[in-house]
Structure formats: structure tokens, C-alpha cells
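Residue-level structural notes
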Amino acid sequence: MRYVMVIDTLKCVGCSDCVVACQTENDVPHGYCRDWVTESVTGTYPEVEIELRSERCNQCDNSPCVRTCPTAASHIIEGGIVLVDRDLCIGCGACVESCPYDARYRHPDWGTIDKCTFCVHRVQKGQNPACVSVCPTNCMYFGDLDDSNSEVAKLLAVRKHKVLAEAAGTSPNVYYLI
Amino acid sequence: MNEEVFISGRNIPHIDPHLTLWEFPISLYLFLGGLAAGILLFSAILHLINKEDEFKGASKWAPMIVPFALAIGLLALIYDLGNPLYSWRLYTTIRIESPMSWGAWVLLIVTPMSMLWVMTYVRELFPKLKYETFKMPFLYKIEAFAIKYKKYMALAFLPLTVILGIYTGILLSAFNARPLWNNAILGPLFFVSGLSTAAATVILFAKSAHERHWFSKIDILLIVIEIGLIIHLIMGYYAGNEMQIEAVKILVGGDFTTMFFGFLVVLGLLVPLILEIFELAGFKVPVIIPAILILIGGLVFRVLMVEAGQITRVLY
């Protein structure tokens, strides 16, 4: 079992619906977000390219956050999802400093560290994460990469794709179709 | 052109536009940790080579501030946590890969040991001190125990203080997500800087001109090594990848240039170095000036590295 998210940057229109869905589903504190949309512009006119990406925690296989956590609060569960155990977290911020994607923040009420969970509570019920389920252009896919019949495995087999900050060596599990 | 913007309006406190999660308390703690490690190391070495009476300031007076420095440092660290009441969770596990876990455990060992260390001679320095006055006669037993094992404590301090001193740098350099921190020389550099601030403290506490001159010489050597390591650090960035070259701009030509070159390199290292050499050469220089400059320089260095490092990031 290896949960991955595949996001089609060619279909994304940058509406931020995924962001709002996440904030609602996960009761994210006001002013915070677990996912966000980045617009990346490269080149000079007339050869300009725009890429829209819905970004979040990459649930890395080689997670620096899990490595640097002094209390083992950050851990990886079955399926490769990285979670923070709120009962163990002391809010030291070592994981926040270690994340190349800046995907973690300190929760203003709890004091512990919070981040995207791939909506593990929904996934365990067989549903898609909130962001994936609301995407109006259907540009996001979620599934098990170890299952060669899954939609994500099929897409990654044929489409050109990339991961973010590959040089950081984190082996991320969010793929972007380009 | 290559521009990345958040179009979903991201402005998370302490994360955007760049990290500011670790603030002054962390810098203060790194400074005090390095200072305490250095003083204890000097004191332990002097005990092992039987020079305690020749260097009373270094072996007895200066270490008295160590338990206080460590306590303030620990309080600063705990204050900076998001969930301070649960800080005991640090001691429910040992995480070999996490520098913070190492530091927490080493501090748990070194802090009480530094108190025992001070107890072995505190009544010698203050003969009027009697534990009966505080209704704590059991402290005599602890004192006797500490005196009996003082040599072993000194031997244990050799590795422990080195780990503590280096750890203050490794804590930062272990984060590959912050290119300015991710430099292997930072551990040794913070250690040497800690030793140099410790030597400066000893100079302030020195009881004789002989001791002061000795520690001035040690400090001169340490400052020279530190300058060498800083050159090494800067060269390391320029020899690094795109992210590190981008990161070093913050120190060379960027927002932290004045702090780095003005307050650390010139006022914190070069000026005290010249003053100490002048003093040894026989000129009349109030020793307090270079010592204070070195201490301020050491603190500025920690503040600057903690703040500047969080601004640099992995580019993608």
C-alpha cells in the first residue's frame, strides 16, 4: 500500500476550491491552510509558461520531519501517510524547520504542529481526501500506487510527471502531471 | 524570469512570507549552551592536569555561572515550545536521528552534573556558607559524594561538553530545508565560538594577571581558528549548489551583511583579537572591553544565524 496524490497541472485552473474544502473538512484555524495553490511563471514574453499547482504536505518516504522529531510525534503510518501524534508533540518546531515545502505550521490553539493528513479519516473509510473530491476540473487523483490497476498508477505510467524539490531527497508522494 | 506566487492567499503566522518560528529564545539558548560547554571543558581540563589553584578563575569562579546559564537556556528553550507543559515528552524516547533529542538528553545529564561540580568547591570559596542555615544538612552528603567522584566527573565532561558545544551548531546544520544552516562546518564553528566566549568569560573572572594572560592567549588562538572556520563557511556556500549560493547572499550583500561583517567579524572577532594582542604586548588595554565584545559577538552570531537561516529556503 502506498498512497499517492497525482495532480494534473494542465487541468488545474487555480480556483482554490481544494484549499477551502480542506479548511472546512479539517477545521483548519482561521488564517491558516494545509494546502495552497501556487502559480509558477517561467520564461519571458512571448515564450511564457504558467503552471498552476495545488500544493500540500508531500507525505515523503524519506521525511525530514520524521527524522528530526525529538519525541517521535511525527510518524509514518501504513500506506505512507505522515501524521503528527498530538499527544506526543511538544511544538518545538524542528519538523517545521526541516520541511522543504513549508507544509507544517504551529496550531494557534493547540500549540502542537499541524499539517495535511491526506484526510486519513476519509481515506480509511474508502473516500477520497476532501480536496480531491471537490476539484471542479477533476485535476486531482488519489489512490494506491502499488496497485497497478489504480487510476494514479495508470496516469503515472503514461503521463510526463515531476515531484517538487526532488533535489531535497525526500522522495515525495505527491506527483504533478506536466 | 521565474516567479512563484501563492494565488490562494497564503499568510500563515510565523510561516509566511518566510519562517520566523524560532526566535530570540532559541538564539539565547544556543549561546548559553556553547558558553556553558566551554567553561565546563576548561574547568574539567584544569582539574585533570592539576592546575586548579593556578587558574582559580577558570576552574572555580567561572563555572559558578554554568548552572545558571544552563537553567536560563533551558527555560528559554521550553518557553519557545508550542506545548511547553509537555516538554517532558522529550525524555520518553531517544531519537538518534534527531539532534534536538540528543541536546535534550545531554542537557539532562550536564545540568545536574554542573551543579555537583560547583558544589565540590563552593564552600571553599565561601567559607561562611553552611547548609544548616537552609535546613538542608543532607547537602553535605551530596557534596562528599561529588568530591569523591570529581575526577570521574571531569573525565565525563570531556566528551559531554564537546557534544553539547557541537550540538548547538548541529541543531541548525541538520536541516537540509534551510540552505544557510545546511553546512557541516556550523557544528565545529559554534563549538569554537562557544569556547571563545567561555575564554572571554574566564578573562572577566580571572584572579591573576598570569591567568588572564594565559586565557588571552587561548582566546587569541580560538579567534584565529574561528575566523578560519568562518572563511571556510562562506567558501562552502559559494562552492555549493544554487540554493546555497542564493542563501549566502543574505550574509554577503543582503539584509544581514552589517550584522555579519560589522558586529560579528569586525567588532566581535577582529577588534578583540587586536586588543588582546596589544594587551599581551604590554599596552594598557582594559581587558573587559575585548571580553565583552567577544560575548556580544557570540550572541549576535547565534541571533543572526537563527534568523537569517529561516529566511533561506529550498528552491523549486
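This text gives an overview of the structure that appears in the document. Predicted, not measured: the structure shown is a model, and the values here were computed from it. (Residues numbered from 1 in each chain as written. Chains lettered and ligands numbered in written order. Predicted model: local features only at pLDDT ≥ 70, side-chain atom pairs only at ≥ 80, totals over all residues.)

**Digging into the overall build of chain B**
Put simply, the test is: Runs of E in the DSSP output that reach at least two residues are strands. Runs of H or I that reach at least four are helices, and both are numbered from the N terminus. Note on method: radius of gyration uses C-alpha positions; expected globular size equals 2.2 Å times residues raised to 0.38.
A tally of regular secondary structure across chain B gives 12 helices and one strand. For chain B, the sequential pattern of α-helices and β-strands runs β-α-α-α-α-α-α-α-α-α-α-α-α. A compact globule built from 316 residues should have a C-alpha radius of gyration of about 20 Å, and chain B, at 21 Å, falls within 12% of that. Expressed along its principal axes, the backbone C-alpha trace of chain B runs to roughly 70 × 55 × 30 Å.

**Describing the overall build of chain A**
Inclusion rule: Whether a residue is buried, exposed or partly exposed follows from its count of other C-beta atoms within 10 Å of its own C-beta, namely 20 or more, 12 or fewer, or something in between, respectively; the C-beta atoms are built from the backbone. Each residue gets a C-beta atom placed from its backbone, and two residues are in contact if those atoms lie within 7 Å.
The secondary structure content of chain A amounts to six helices and 10 strands. The C-alpha radius of gyration of chain A comes to 16 Å, within 12% of the 16 Å expected for a compact globule of 178 residues. If one aligns the C-alpha atoms of chain A with their principal axes, the spans along those axes are about 50 × 40 × 30 Å. Buried positions account for 48% of the 178 residues belonging to chain A. Within chain A, contacts between residues separated by at least 24 positions form 55% of all contacts whose residues are at least 6 apart in sequence.

**So, the nonpolar core**
Most often, soluble globular proteins have nonpolar side chains that are buried together. The cut-off we apply is this: Residues of type Ala, Val, Leu, Ile, Met, Phe, Trp, Tyr and Cys that are buried and joined through C-beta atoms within 7 Å form what is called a nonpolar core.
Counting residues in hydrophobic clusters, the biggest one holds 143 residues, and the most contacted among them are Met140(A), Ala36(B), Ile39(B) and Val202(B). The element that contributes the greatest number of residues to this core is helix H1 (residues 24–48) of chain B, accounting for 15 residues. Discounting residues that sit within four places of it in the chain, Val202(B) has contacts with Ile39(B), Phe42(B), Gly57(B), Ala58(B), Ala62(B) and Phe215(B).

**Structural notes on helix H11 (residues 257–280) of chain B**
All names here are of chain B. The test is simple: The bend reported for a residue corresponds to the angle between axes fitted to the seven residues ending at that residue and the seven starting there.
A bend of about 40° at Val 266 is the largest found in H11. Among the residues of H11, Phe 260, Phe 263, Leu 264, Gly 268, Leu 269, Pro 272, Leu 273, Leu 275, Glu 276 and Glu 279 are the ones counted as buried. In the stretch just after H11, Gly 282 is the one whose phi turns positive, near 110°.

**Focus on the interface of chain B and chain A**
Size of an interface, as often reported, equals the accessible area lost when the parts are brought together. As a reminder, the rule being used: For this scheme, ten residues count as nonpolar: Ala, Val, Leu, Ile, Met, Phe, Trp, Tyr, Cys and Pro. Four count as charged, namely Asp, Glu, Lys and Arg, and the remainder, Gly too, count as polar. DSSP-based pairing: two strands are paired if at least 2 bridges between them are found.
At the junction of the two partners, chain B supplies 39 residues and chain A supplies 42 residues. For the side of chain B that touches chain A, the element with the most residues is strand S1 (residues 2–6) of chain B, which contributes five residues. When grouped by side-chain class, the residues that make up the side of chain B that touches chain A number 20 nonpolar, 12 polar and seven charged. By the bridge criterion, five bridges tie strand S2 (residues 36–44) of chain A to S1(B) in an arrangement that is antiparallel. Each bridged residue has a counterpart across the sheet, and for Ser40(A) the counterpart in S1(B) is Glu4(B).

**Regarding the packing of helix H9 (residues 209–238) of chain B against H11(B)**
All names here are of chain B. In plain terms, the rule: Fitted lines through C-alpha atoms serve as axes, helices being fitted only where they are in contact, and the angles separating the N-to-C directions of these axes extend from 0 to 180 degrees. Two helices cross in a left-handed way if the nearer one is turned anticlockwise from the farther one by less than a right angle. They cross in a right-handed way if the turn is clockwise.
It is at 10 Å that the axes of H9 and H11 come closest, and there the two elements cross at 145°. H9 and H11 meet at a crossing whose hand is left-handed. Seen from H9, the contacting residues are His 213, Ser 216, Lys 217, Asp 219, Ile 220, Ile 223, Glu 226, Ile 227 and Ile 230; seen from H11, they are Val 265, Leu 269, Pro 272, Leu 273, Glu 276, Ile 277, Glu 279 and Leu 280. When grouped by side-chain class, the residues that make up the contact of H9 with H11 number 10 nonpolar, two polar and five charged.

**Some details on the sheet that holds strand S3 (residues 47–55) of chain A**
Spatially, three strands are ordered S3(A)-S2(A)-S1(B) in an open sheet, and the strand pairing comes out antiparallel. Looking along the sheet, the strands with just one partner apiece sit at the ends: S3 of chain A together with S1 of chain B. In this sheet, adjacent strand axes meet at a mean angle of 15° when their direction is disregarded. Strand direction decides the pairing type here: S2(A) and S3(A), joined by nine bridges, are antiparallel. Paired with Thr42(A) across the two strands is Glu49(A), which belongs to S3(A).

**A look at unusual backbone geometry**
The omega angle of the peptide bond from Tyr45(A) to Pro46(A) is 5°, so this bond is cis rather than trans. Locating Pro46(A) in the fold gives a position in the loop between S2 and S3. Each neighbour pair has its own omega, and for Asp16(B) with Pro17(B) the value is 0°, a cis peptide bond. Residue Phe118(A) is not a glycine yet carries a positive backbone phi of 60°. For Phe118(A), the position within the fold is in the loop between strand S7 (113–114) and helix H4 (120–123).

**So, the pairing of strand S1 (residues 3–8) of chain A**
Residues and elements named next belong to chain A. For S1, a buried count of six out of six residues is recorded, marking the element as mostly surrounded by other parts of the structure. Burial along S1 is two-sided: the face carrying Tyr 3, Met 5 and Ile 7 and the face carrying Val 4, Val 6 and Asp 8 are both buried. In terms of strand pairing, S1 meets strand S8 (residues 140–144) through five bridges, oriented antiparallel. From the neighbouring strand, Tyr 3 faces S8, where its bridge partner is Asp 144. Bridge analysis of S1 against strand S10 (residues 174–177) gives four bridges, and the strand direction is parallel. Bridged to Val 6 within S10 is Tyr 175.

**Examining H9(B)**
Residues and elements named next belong to chain B. Definition in use: Multiplying one less than the number of residues by 1.5 Å gives the expected span of a helix.
Between its first and last C-alpha atoms H9 spans 43 Å; for 30 residues at 1.5 Å apiece the expected length is 44 Å, and the two agree. Of the residues making up H9, those classed as buried are Glu 211, Arg 212, Phe 215, Ser 216, Asp 219, Ile 220, Leu 222, Ile 223, Glu 226, Ile 230 and Tyr 237. In this structure, the buried residues of H9 make contact with helix H2 (56–61), helix H8 (186–205), helix H10 (242–248) and H11.

**Observations regarding the packing of H1(B) against helix H7 (residues 150–173) of chain B**
Residues and elements named next belong to chain B. Put simply, the rule is: Should an angle fall under 35 degrees it is called roughly parallel, over 145 degrees roughly antiparallel, and 65 to 115 degrees roughly perpendicular, with every other angle called oblique.
Direction vectors running N to C along H1 and H7 enclose 150°, while the axes themselves pass 8 Å from each other. Comparing their axes, H7 and H1 come out roughly antiparallel. At the point where H1 passes H7, the crossing takes the left-handed sense. Contact with H1, carried on its side by Leu 30, Gly 33, Gly 34, Ala 37, Gly 38, Leu 40, Leu 41, Ala 44, His 47 and Leu 48, involves Lys 150, Ala 154, Phe 157, Leu 158, Thr 161, Leu 164, Gly 165 and Thr 168 of H7 and no other residues of that element. Residue composition of the contact of H1 with H7, grouped by class: 10 nonpolar, seven polar and one charged.

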